[in-house]
Amino acid sequence: MIIISAFCFALMNMFVRLSGDLPTPEKSFFRNFVAFIFALVIMIKNKDSFSFQKRNLPLLLGRSIAGTIGILGNFYAVDHLALGDASILNKMSPFFAIVFSLIFLKEKLKFPQVVILIGAFIGAMFVVKPSFVNADLIPSLCGLLGGIGAGAAYSMVRALGKRGEKGSFIVLFFSGVSCLSMIPFMIFDFKMFSLQQLVVLLLAGLAAAGGQFSITAAYSYAPAREISIYDYSQIIFASALGFFVFADIPDMYSVIGYVIIVAMALVMFIYNNRKEPSQN
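Given the structure is predicted, the values throughout are model-derived calculations rather than measurements. (Residues numbered from 1 in each chain as written. Predicted model: local features only at pLDDT ≥ 70, side-chain atom pairs only at ≥ 80, totals over all residues. Heavy atoms only, no water.)

(A) Expanded view of the pattern of salt bridges. The final tally for this structure, using the stated rule, is 6 salt bridges. For Arg17, the salt bridge goes to Asp248, with nearest N and O atoms at 2.8 Å. Taken together, the residues Arg17 in helix 1 (residues 2–18) and Asp248 in the loop between helix 11 (233–246) and helix 12 (252–275) connect sequence positions 231 residues apart. Between Asp231 and Lys91 there is a salt bridge whose closest N-O contact spans 2.8 Å. (Salt bridge = Lys/Arg side-chain N within 4 Å of Asp/Glu carboxyl O. Helix = DSSP H or I, 4+ residues; strand = E, 2+ residues; numbered from the N terminus.)

This is the structure:
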């Protein structure tokens, strides 16, 4: 299920780029609108309550803001970078989730985790290539910001789950708030889309919904420490789609960054499983 999710998110990024030169907020609106409809249908079908605990409102709003920043950063990067580069920067989110877990979950950071985080950040710098002469610097930083936003959102989702909020309502709340927050940007910078662009945007939303529900199912079948590494298969899918659809070829520094970040994810995966062995 998590590999299916990775493929769906790679497809989402491909469709977002195929939708052309539409403003990023417009793309974000359609992506989240489809997710909102999906979550709404599921909640109605399951007869779930639309109420929530008032004490969870700050976390729900925080998750929505962080998630929206994550999507905007990722979509801007997808439009301006090779798909593989944009995807690997977004996959920094699990590392940032560890940092934000210090804030929202009061979890302690172990020394091996600190070393792994530093290693992953070094890998990200190979992809970003910070330099005043790097034309892709701004998109790369936006992609990294997208990973930071997603990491913050994941940690708040986990905190909300521990407080008893259902996943479908969290998705509904986030999607609704995100759509509403995009409307002012669309009013001042709306670009009319063609029928083809509309179809592609809806396909991006469907792919995103497929990815969201697949990853939710995956984590319901097995703990994160046992399957999280497979989420990095998205880099393979994204690089392949980028090459065959857009003729993207990552440079040597980006490839080095890919290797470092995936290696750090693998080390984290091994560390977590040794620390918390599976219960059979």
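(B) Just the packing of aromatic side chains, in detail. Enumeration over the complete set of coordinates arrives at 10 aromatic pairs. Here the aromatic rings of Phe243 and Phe244 are separated by 5.2 Å at their centres, their planes lie at 80°, and the arrangement is edge-to-face. Classification of Phe243 as partly exposed rests on a relative accessible area of 44%. Site record: aromatic cluster; members linked through ring pairs are Phe29, Phe30, Phe33, Phe190 and Phe193. The ring of Phe246 is capped by Arg17, whose NZ or CZ atom sits 4.2 Å from the centre of that ring. Looking at Arg63, its charged tip hangs above the ring of Phe174, at a distance of 4.0 Å from the centre. (Phe/Tyr/Trp six-rings, centres within 6.5 Å; stacked < 30°, edge-to-face > 60°. Buried < 20%, exposed > 50% of the residue type's maximum accessible area, 1.4 Å probe, protein only. Lys NZ or Arg CZ within 6 Å of the ring centre and 35° of its normal.)

(C) Region of interest: the environment of Val127. Looking at where Val127 falls in the secondary structure, it is placed in helix 6 (residues 111–128). Taking the C-alpha atoms as reference points, Val127 and Leu137, 10 residues apart in sequence, are found 9.6 Å from one another. Apart from the residues within four sequence positions on either side, Val127 is in contact with Asp85, Ile88, Leu89, Ser140, Tyr253, Ser254, Gly257 and Tyr258. (Contact = heavy atoms within 4.5 Å.)

(D) Layout of the nonpolar core. Counting 61 residues, the largest nonpolar core has Met12, Ile88, Leu89, Met92, Phe95 and Ile261 as the members making the most contacts within it. Leave out the neighbours within four places in its chain, and Ile88 touches Val127, Ile235, Tyr258, Ile261 and Val262. Within the second largest apolar cluster, 8 residues are counted, among which are Leu22, Cys179, Met182 and Leu201. (Core = buried A, V, L, I, M, F, W, Y, C linked by side-chain atoms within 4.5 Å.)

(E) Region of interest: the state of the cysteines. Scanning the entire structure with this criterion turns up 0 disulfides. Its sulfur unpaired, Cys179 is 19 Å from the next cysteine sulfur, which belongs to Cys8. (Disulfide = S-S within 2.5 Å.)

(F) Just helix 6, in detail. Over its 18 residues, helix 6 extends 26 Å from the first C-alpha to the last, a length consistent with the 26 Å expected when each residue adds 1.5 Å. Along helix 6, the residues classified as buried are Gln113, Ile116, Leu117, Gly119, Ala120, Gly123, Ala124, Val127 and Val128. Positive backbone phi, at 50°, marks Lys129, one or two positions downstream of helix 6. (Expected span 1.5 Å × (residues − 1).)

(G) Quick peek at the environment of Ile215. Residue placement: Ile215 occurs in helix 9 (residues 195–221). Ile215 sits in the buried class, given a relative accessible area of 16%. Along the sequence, Ile215 and Ile2 sit 213 residues apart, while their C-alpha atoms lie 5.2 Å from each other. Apart from the residues lying within four places of it in its own chain, the contact partners of Ile215 are Ile2, Ser5 and Asp231.

(H) Region of the structure containing helix 5 (residues 93–104). Its 12 residues place the ends of helix 5 15 Å apart at the C-alpha level, agreeing with the 16 Å of an ideal helix rising 1.5 Å per residue. Among all positions in helix 5, only Ser93, Phe95, Phe96, Ala97, Ile98, Phe100 and Ser101 are buried. Count one or two residues on from helix 5 and you reach Lys106, which has phi positive near 55°.

(I) How the structure looks around the confidence of the model for the chain. Counting all residues, the mean pLDDT for the chain is 87, and 95% of those residues have values of 70 or more. The secondary structure element of the chain with the lowest average pLDDT is helix 10 (residues 224–227), at 70, and the one with the highest is helix 3 (residues 57–80), at 93. (pLDDT = per-residue confidence, 0-100.)

(J) Fine view of unusual backbone geometry. Its identity as a non-glycine residue notwithstanding, Lys47 has a phi of 55°, on the positive side. Examined against the element boundaries, Lys47 turns out to sit in the loop between helix 2 (24–45) and helix 3. The class for Lys47 is exposed, based on a relative accessible area of 77%. Of note in the backbone geometry, Ala247 takes a positive phi value of approximately 60° without being a glycine.

(K) How the structure looks around the packing of helix 6 against helix 7 (residues 137–162). Contact geometry for helix 6 and helix 7: axes closest at 9 Å, N-to-C directions at 150°. Considering the angle they form, helix 6 stands roughly antiparallel to helix 7. Of the residues in helix 7, those in contact with Ala124, Met125, Val127 and Val128 of helix 6 are Leu137, Ser140, Leu141 and Leu144. Counted by class, the contact of helix 6 with helix 7 contains 7 nonpolar, 1 polar and no charged residues. (Axes fitted to C-alpha atoms, helices over the stretch in contact; angles between N-to-C directions. Parallel < 35°, antiparallel > 145°, perpendicular 65-115°, else oblique. Nonpolar A, V, L, I, M, F, W, Y, C, P; charged D, E, K, R; others polar.)

(L) The environment of Val99, seen in detail. For Val99, the position within the fold is in helix 5. By relative accessible area, Val99 is classed as partly exposed at 34%. Separated by 14 residues in sequence, Val99 and Gln113 place their C-alpha atoms 9.7 Å apart.

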